[in-house]
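# What the coordinates show
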Amino acid sequence: QVQLVESGGGLVQPGDSLRLSCAASGRTFTSYAMGWFRQTPGKEREFVAAINWSGGNTYYGDPVKGRFTISRDNAKNTVYLQMNSLKAEDTAVYYCAAASRLSSTVVAALYDFWGQGTQVTVSS
């Protein structure tokens with residue numbers, strides 16, 4: 001079992017940067033692939049980024065490529081999402097997720113544990 005708590009969301013202006021953190025508890029954190037998803041009202045949950053157990057492989061959804069960076073620090077049991085050049089379209093609730101697998105996955109159904117979400121609002 002692993003518990004996830006996101007933090008770092010807030011209100012920013014277009015072009016600003018923000019870093020989200022996902023603090024995990026549980027003895028098996030190192031063996032989990034991790035991901036970030038986002039969701040806006042009335043829409044399906046959208047894949048944002050994923051990282052494998054070691055941090056050596058990362059994947060990004062097309063809308064965030066070149067702007068967002070996912071990373072993890074297993075020693076700190078923490079996953080990060082660095083968001084640069086934020087756009088209004090990035091406004092959403094962002095969720096951290098953990099999958100009981102080593103390799104990265106973009107499939108939401110393969111994630112076993114989810115955080116409560118953190119709101120990111122990009123507006124002028």
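Placed above this text is the structure.
So, here is what we can say about the structure in this document. Computed from a predicted structure; not experimentally measured.

To continue, consider the pairing of strand 5 (residues 46-51). In terms of burial, strand 5 is a largely internal element, 5 of the 6 residues being buried. The pairing of strand 4 (residues 33-39) with strand 5 spans 5 bridges and is antiparallel. Note that in strand 5 the partner of Arg38 across the bridge is Glu46. What sits between strand 4 and strand 5 in their antiparallel hairpin is a turn of 6 residues, with Gly42 showing a positive phi close to 80 degrees. Where strand 5 and strand 6 (residues 58-60) come together, 3 bridges link them in antiparallel fashion.

Below, the discussion takes up the state of the cysteines. In the structure shown here, the tally under the stated rule is 1 disulfide. Here Cys22 connects covalently by a disulfide to Cys96, the sulfurs 2.1 Å from one another. The chirality of the disulfide connecting Cys22 with Cys96 is left-handed, given an S-S dihedral of about -80 degrees. Of this pair, Cys22 sits in strand 3 (residues 18-25) while Cys96 sits in strand 9 (residues 92-99); the two residues are 74 residues apart in sequence, bridging distant segments of the chain.

Taken as a whole and assessed by the stated rule, the structure comprises 4 salt bridges. Asp90 is paired through a salt bridge with Arg67; the nearest N and O atoms lie 2.8 Å apart. Here the residue Asp90 occupies a position in the loop between strand 8 (78-83) and strand 9, and Arg67 occupies one in the loop between strand 6 and strand 7 (68-73), the gap between them amounting to 23 residues. Look at the salt bridges and you will find they share partners, linking Arg38, Glu46, Arg67 and Asp90 into a network.

With that settled, consider the packing of aromatic side chains. Inspection of every chain in the model, using the stated rule, returns 5 aromatic pairs. Judged by centre distance (5.2 Å) and plane angle (80 degrees), the ring pair of Phe37 and Tyr111 falls under edge-to-face. Placement of the pair is Phe37 in strand 4 and Tyr111 in the loop between strand 9 and strand 10 (113-114), with a sequence separation of 74 residues. A residue is classified by how much of its surface remains accessible, and Tyr111, at 5% relative accessible area, is buried. Look at Phe37 and Trp114: their rings are 5.1 Å apart centre to centre, the planes differ by 55 degrees, and that puts the pair in the tilted class. Here the residue Phe37 occupies a position in strand 4, and Trp114 occupies one in strand 10, the gap between them amounting to 77 residues. The exposure class of Trp114 is partly exposed, given its relative accessible area of 29%. Directly above the ring of Tyr95 sits Arg45, whose terminal nitrogen or CZ lies 4.0 Å from the centroid.

Attention shifts here to unusual backbone geometry. Even without glycine at this site, Asn77 takes up a positive phi of about 55 degrees. Here Asn77 lies in the loop between strand 7 and strand 8. With a phi close to 50 degrees, Ser85 is a non-glycine residue in the positive phi region. Within the secondary structure, Ser85 sits in the loop between strand 8 and strand 9. On the basis of relative accessible area, Ser85 is assigned to the partly exposed category, the value being 42%.

Thresholds, definitions, all that
Residues numbered from 1 in each chain as written. Predicted model: local features only at pLDDT ≥ 70, side-chain atom pairs only at ≥ 80, totals over all residues. Heavy atoms only, no water. Buried < 20%, exposed > 50% of the residue type's maximum accessible area, 1.4 Å probe, protein only. Helix = DSSP H or I, 4+ residues; strand = E, 2+ residues; numbered from the N terminus. Pairing = 2+ DSSP bridges. Disulfide = S-S within 2.5 Å. Salt bridge = Lys/Arg side-chain N within 4 Å of Asp/Glu carboxyl O. Phe/Tyr/Trp six-rings, centres within 6.5 Å; stacked < 30°, edge-to-face > 60°. Lys NZ or Arg CZ within 6 Å of the ring centre and 35° of its normal.

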